[in-house]
Amino acid sequence: MNLLKSINNKKVAAAVFLLAISGATFAQNRETRPNIVFIMADDLGYGDLGVYGQKKIETKHIDSLANKGMKFENFYAGTSVCAPSRSSLMTGQHTGHTYVRGNKEIEPEGQQPLADSVQTIAMLLQKAGYATGAFGKWGLGMVNTTGAPDQKGFDEFYGYNCQRQSHRYYPTHLWHNKERIELDGNGLLAKGQYAPALIQEKTLAFIDANKDKPFFLFVPTVLPHAELSGPEDEYYQQYANSFDEKPHKGNDYGPKATVPGYAGVEKPHAMYASMVSRMDAYVGQIVEKLRQNNLLDNTIIIFTSDNGSHKEGGADPNFFNSSGGLRGNKRDLYEGGIRTPFIAYWPGKIAEGKTSNYLGAFWDIMPTMVELAKADKPRYTDGVSFVPTLLGRNKQQKQHDYLYWEFHEDGGRQALRKGDWKLILQKVTTGTPIKELYNLKQDPKEQNNVANSNPKKVQELQRLIEKAHVESAIFPLTNNTK
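What you see is a predicted model, and the numbers here were worked out from it, not measured in a lab.

Conventions we followed
- Residue numbers here run from 1 along each chain, matching the order of that chain's written sequence.
- The predicted nature of this model means local features are confined to residues of pLDDT at least 70 and side-chain atom pairs, given and counted, to a pLDDT of 80 or more, with totals for whole chains, interfaces and linings taken over all residues.
- Each side-chain value is derived from all of the structure's non-hydrogen atoms; neither hydrogens nor water enter the calculation.
- Throughout, exposure labels follow a simple rule: accessible area from a 1.4 Å probe, protein chains only, divided by the maximum for the residue type, with under 20% read as buried, over 50% as exposed, and the rest as partly exposed.
- Here a strand is any run of E in DSSP of at least two residues, a helix any run of H or I of at least four, and the numbering for each starts at the N terminus.
- One bridge is not enough; two strands pair if DSSP finds at least two bridges between them.
- In protein, a polar contact requires one atom able to donate a hydrogen and another able to accept it; more generally it is a pair of N or O atoms within 3.5 Å, and residues adjacent in sequence count only if both atoms are side-chain atoms.

Attention now moves to the pairing of strand S14 (residues 413-418). By the criterion of burial, S14 is predominantly enclosed, with five of the six residues buried. In terms of strand pairing, strand S13 (residues 403-407) meets S14 through five bridges, oriented antiparallel. In the strand pairing of S14, phenylalanine 407 is matched with arginine 413. Where S13 folds back on S14, the antiparallel hairpin that results is connected by five residues, among which aspartate 410 adopts a positive phi of roughly 55°. Two strands pair when backbone bridges link them, and S14 and strand S15 (residues 421-426) are joined in this way by six bridges, in the antiparallel orientation. For leucine 416, the partnering residue across the bridge sits in S15 and is leucine 423. The turn linking S14 back onto S15 is made up of two residues, and glycine 419 within it adopts a positive phi angle of 65°.

This brings us to the side chain of histidine 469. For histidine 469, the location among the structural elements is in the segment after helix H12 (455-468). We classify histidine 469 as buried; its relative accessible area is 0%. Looking at histidine 469, its side chain comes within polar contact range of the side chain of glutamate 406, at 2.7 Å. A polar contact is formed between the side chain of histidine 469 and the side chain of glutamate 471, at a distance of 2.4 Å.

Written out as structure tokens, the structure reads:
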């Protein structure tokens, strides 16, 4: 009897010991795996933030992240327009490989969905035990399709599923997972409920709800994309009388309003500035919510934009120098269309006040984040982990041989950067593209096309373009099937 009691006591002790080890391992794993907060503005230009040279708009919260973290000066979006840039981010592939390569509309609501076979960063983090949430604009597959957020790794989604719907800041509805949320007082007839404010409430609630587990919070905000619209509150009053203004006539709310239209605005400069500052305040609220939950030291925050500055709905990027002196805007493959503000903040891990010249792009996010999360490596990626750069181990940083982009409107465009050289092909679908070659070190504003005087460099970069592009049946571009 005593022998049996002794054996049982040993079994209990062993079980307690194993539980203690397991708990310690979990606690250690929880501590060493950071929360990931990825905030992506919509159509915010490279020069729209104070730390990137903006003089007319206040962005104190985002500027603070840069001053206390790392500011990247050579980081690029997936491409120069919404859906394919987001596809590049989610899949870790450039637009010569990623599944969604253009803004292909699906009726009655939504865009071309990511295929069932496509792996996303959220799926990898979810599999690794992260709570995952997306709050803002999706655009990669409607509810009940293979590209819906819940099919691509997100436990919770709230916001605009469809990019056309996001043209309106007072929309008829938003989506919470698979539930359509009707917004009383809107209906395209009146400005009742302001969608960005509703989305921000859900964003902050996600942090509270998941404070005891590692989480991936993706915030693809709709600010400051057209339409130019918002409450005339303190953010607007800050700029209401600051600039010379010319009213913009648009498709106003009322019986004739259409979903993809943009409402008119009396003071477009003031409204745009207020939308950028409102977005900045929302970033500050996210940081403060992390601090209140004692999560800030174990959270990496990244802020960026999906592409260059826009000119829709009365927006005036020239007035604000939104491209930061670079050539081009949204839809261009010049630097102003694809180079993006990119800021990384992680207290105690990323040194304060650093500026990085690392040459990277959206397809680097997947390998970087899965490394930080100790998640499975992706099955396929064009990206390079820049964890060494974040942690100040620059000598260990692997570099890209080249970066590649394509754009599927306006006759088709392709671009490739290798070192300081950049080749742009315009009117690709004609079969005889226009070739533009720039040396970005000597000519950062892309003013001097040197293609004719550098035929060998053009040939070298064009061969790499042909290698990078794999033709897509859904998004055909060049008939190059290599």
